[in-house]
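A look at the structure
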Amino acid sequence: MLNCIFATHPELHYVQGFHDIASVLLVVCGYDVGLAVLDRLVTTHLRAWLSVTMDPIRNILDKLYPLLQRVDPTLVASFRKMELPSFFALSWLLTWFAHTFEDLAVLSRFFDVFIASDPVMPLYMCASFVLHLRPALEKAELDQCTIHAFFTNAAQQFRLDDEGSDHPLLEGLITDSLRLYDQHPPPSLHFSKEVTRLTSEPGREPSPLPGASATYYREALYSMSFVLFAVAVLVANEVMKNA
């Protein structure tokens, strides 16, 4: 899949973690449909991920603390007191959490949200993830030496892999991410011009109708996205059987 993508789009550059996203699509959708979905994503949602340099990703990651500051300034102050950079969230951002969780049902829900939303939605999910980890952070009494390990094993704090896609905390993460996006939309975070360009190309989801809730449209889209993929896989399998 990766060879096909980079042969078709030589302007793109591989970044560590891209294979994790491709792997989820391959397992969930099968090769043909997964490749088609990935080919679409690299020209829309993942363009900033596959740039010549890591500058767009760094700029997106640099907005994690400003976003958290608006919701929980005390938490951000504690991170800065420990001199903790936002680098701990890099793998979450780069892999769409595919390097954090193993359960495909959980990852499918994350991918639902990201595919049906703004390309920078993974940043809002990272912020929501940190906020949901706050109680565990307080109990652990972490310092600069141990907090990195805490975030590396953050999935264990949620045990989402034990419950699958029906876990209420998973839906809470998604709901809070969408709420954060509505309350603090990307323009308010002042991304770099390059990030704005890479995440604002044609092919993005249409704007909601006047007077309608943006969250309503996104929730409808992400609840349908993997259903459509599953149908596409079934159709492809039938075609192959009859070939």
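The following refers to the structure shown. What you are looking at is a predicted structure, and each value in this text was computed from that prediction instead of being measured.

**Here we look at the overall build of the protein**
A count of helical and extended segments in the protein gives 17 helices and zero strands. Here the contacts in the protein between residues at least 6 apart in sequence split such that 76% fall between residues at least 24 apart. Put simply, the protein shows about 12,000 Å² of open surface, and 57% of that area lies on carbon and sulfur atoms.

**A closer look at the pattern of salt bridges**
One pass over the structure, following the stated rule, counts five salt bridges. Of the charged contacts in the structure, one is a salt bridge between Asp55 and Arg58, with a shortest N-O distance of 3.0 Å. Remark: Arg58 and Asp55 occur in helix α4 (residues 55-62); sequence separation between them is three residues, near one turn of the helix. Taking the relative accessible area as the measure of exposure, Arg58 reaches 48% and is therefore partly exposed. With its nearest N and O atoms 2.4 Å apart, the salt bridge here joins Arg134 to Asp72. In this pair, Arg134 is assigned in helix α10 (residues 134-140) and Asp72 in the loop between α5 (64-71) and α6 (73-81), connecting sequence segments 62 residues apart.

**Looking at the packing of aromatic side chains**
Per the counting criterion, the structure on display carries 21 aromatic pairs. The interplanar angle of 10° and the centroid separation of 4.0 Å between the aromatic rings of Phe88 and Phe151 together place this pair among those described as stacked. Of this pair, Phe88 sits in the loop between α6 and α7 (90-95) while Phe151 sits in helix α11 (residues 147-152), placing them 63 residues apart in sequence. Judged by its relative accessible area of 9%, Phe88 falls in the buried class.

**Quick word on unusual backbone geometry**
With a phi angle near 55°, Glu83 is a residue other than glycine that sits in the positive phi range. Assignment of secondary structure puts Glu83 in the loop between α6 and α7. Backbone geometry at His190 places phi at a positive 55°, although glycine is not the residue there. Tracing the backbone through its elements, the reader meets His190 in the loop between α15 (186-189) and α16 (193-198). On the basis of relative accessible area, His190 is assigned to the exposed category, the value being 61%.

**Side note on α4**
Regarding α4, the residues found buried are Pro56, Ile57, Asn59, Ile60 and Leu61. Where α4 is buried, its residues contact α5, α7, α9 (121-132) and α16.

**Looking at the side chain of Ser86**
Of note, Ser86 is situated in the loop between α6 and α7. On the accessibility criterion, Ser86 (10% relative accessible area) is buried. Ignoring sequence-local partners within four residues, the contact set of Ser86 consists of Leu61, Leu64 and Tyr65.

**Examining α6**
Of the positions making up α6, those classed as buried are Leu75, Val76 and Phe79. For α6, the angular spread of buried residues about the axis comes to 95°, placing them on one side. Turned more than 90 degrees away from the buried face of α6 sit Thr74 and Lys81, all of them exposed. On its buried face, α6 sits against α5, α9, α10 and α11. Following α6 by one or two positions, Glu83 adopts a phi angle in the positive range, close to 55°.

About the thresholds
- Residues numbered from 1 in each chain as written.
- Predicted model: local features only at pLDDT ≥ 70, side-chain atom pairs only at ≥ 80, totals over all residues.
- Heavy atoms only, no water.
- Helix = DSSP H or I, 4+ residues; strand = E, 2+ residues; numbered from the N terminus.
- Contact = heavy atoms within 4.5 Å.
- Areas by Shrake-Rupley, 256 points an atom, 1.4 Å probe, with all protein chains shown as cover.
- Salt bridge = Lys/Arg side-chain N within 4 Å of Asp/Glu carboxyl O.
- Buried < 20%, exposed > 50% of the residue type's maximum accessible area, 1.4 Å probe, protein only.
- Phe/Tyr/Trp six-rings, centres within 6.5 Å; stacked < 30°, edge-to-face > 60°.
- Arc of directions from axis to C-beta.

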